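# Topology and contacts: notes
One-letter residues, chain by chain:
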Amino acid sequence: MEHESISFVNVSKIFNANSSMEKMALSNVTLTIERGDFVGISGMNGSGKSTLARMINGLILPSSGEVKINGMNTSNRKNIKKIRSLVGMLFQNPDNQIVNPVVEEDIAFGLINLGLSYHEVKERTDWALSVLGLEELRYQSPHLLSGGQKQKVAIASVLAMKPDYLILDEPTSMLDNISRSELMDTLKFLNREFRMTIVLISHFMEDVIEANRLIILNKGEIYLDDVPCKLFVYPEKLKEAGISPPKIVCLLNRLRERGHEIDNNIITLNQIEGFICKLLK
Ligand SMILES: Nc1ncnc2c1ncn2[C@@H]1O[C@H](COP(=O)(O)OP(=O)(O)OP(=O)(O)O)[C@@H](O)[C@H]1O
Ligand SMILES: [Mg+2]
């Protein structure tokens, strides 16, 4: 069996080559994401995040280098259908992804196209609606929903396809704080229970903090790539890539500067809660 992974080898992407508008969006990116990983990708506007995301399902092809999903090269047209069945992609703007007049039909649409039985379509639609907490909206028209509700419908539609790799490009930009943290919990659940690979692109550090691995892009290059807690110890390096750590991490860093000894592995709210409770005892 082919090794289950997303693999980029020396990938560059030049838009509008040989013109005055020439733009190097990605430069010599080499990267492997294993099945089951939970990877965060961040970087400032224009750093190449969306270009990288769209290369994973072959929406954008490399100018040089290779992108392979489970060993299948995205530049080979024959592979695209299979690759797109493995890779679910969610974009920032849900309006581009919603095509049907009723929420549940929108979720079932992709499944019917897969040729699944009525029973399987119904079961998966119910499941996706319940995972996203959308049962009450199932008979609504998506076009009458709020931006955040539409985003959830778009997520449910992708989820119902049960992709091995779920790529989310700024999925939380329209969500309120509660919906954002619910989405994070959902992603963690999918990763844990179904070994669904999550690639989460966000410039909100709070979103990517709980990923197992955080990649920071800077001017189309991989600038940093490590477990999040290791990256947050060097705020100056992040700043160079236009990223500021989550506020809670800034606070910890300030306490460190004042001489408090705080374990570098502490970054999530749960860990900090444990640390403070220990201090108070
Ligand atoms: N279709 C295109 N044609 C020309 N240039 C493009 C195209 N798509 C992206 N670019 C350029 O490539 C660079 C990287 O763009 P990309 O959309 O990947 O950045 P990003 O990190 O997703 O930014 P943002 O945070 O704003 O979403 C930018 O300079 C952008 O202008
Ligand atoms: Mg983008």
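So, a few notes on the structure that sits alongside this text. These numbers were taken from a predicted model, which means no experiment stands behind them. (Residues numbered from 1 in each chain as written. Chains lettered and ligands numbered in written order. Predicted model: local features only at pLDDT ≥ 70, side-chain atom pairs only at ≥ 80, totals over all residues. Heavy atoms only, no water.)

### A look at helix α10 (residues 247–257)
- Along α10, the residues that are buried comprise Val 249, Leu 252 and Asn 253. Axial view of α10: buried residues confined to an arc of 100°, hence all on one face. Turned more than 90 degrees away from the buried face of α10, the exposed residues are Lys 247, Arg 254 and Glu 257.
- Those residues of α10 that are buried are in contact with α9 (235–240) and α11 (269–280).
- Backbone geometry just after α10 places Gly 259 at a positive phi near 100°. (Buried < 20%, exposed > 50% of the residue type's maximum accessible area, 1.4 Å probe, protein only. Helix = DSSP H or I, 4+ residues; strand = E, 2+ residues; numbered from the N terminus. Arc of directions from axis to C-beta. Contact = heavy atoms within 4.5 Å.)

### With respect to unusual backbone geometry
- Residues other than glycine seldom take positive phi values, yet Asn 10 does so here, at roughly 45°.
- Take Asn 10: it is sitting in strand β1 (residues 5–15).
- One non-glycine residue, Glu 170, adopts positive backbone phi at about 55°.
- If you trace the backbone, Glu 170 turns up in the loop between β7 (165–169) and α6 (177–194).

### Observations regarding the side chain of Asn 79
- Within the secondary structure, Asn 79 is located in the loop between β5 (72–73) and α2 (80–86).
- A polar contact of 3.0 Å, which involves the side chain of Asn 79, links it to the backbone oxygen of Asn 73.
- Contact partners of Asn 79, with chain neighbours within four places excluded, come to Met 72 and Asn 73. (Polar contact = N/O pair within 3.5 Å; in protein donor to acceptor, adjacent residues only side chain to side chain.)

### Considering the sheet that holds strand β3 (residues 38–42)
- Read across the open sheet, the six strands follow the order β6-β7-β8-β3-β9-β10; overall the sheet is mixed. Lying at the two open borders of the sheet, with one neighbouring strand each, are β6 (87–90) and β10 (221–226). Recorded for the sheet is a direction-independent mean angle of 15° between the axes of neighbouring strands.
- Contacting β3, β7 and β8 (197–201), α6 runs over the sheet at an angle of about 150° to β8. (Pairing = 2+ DSSP bridges. Axes fitted to C-alpha atoms, helices over the stretch in contact; angles between N-to-C directions.)

### Quick word on the sheet that holds strand β4 (residues 64–69)
- Within the open sheet, the four strands sit side by side as β2-β1-β4-β5. Their pairing is antiparallel. Because the sheet does not close on itself, it has two edges, and the strands there are β2 (23–34) and β5.

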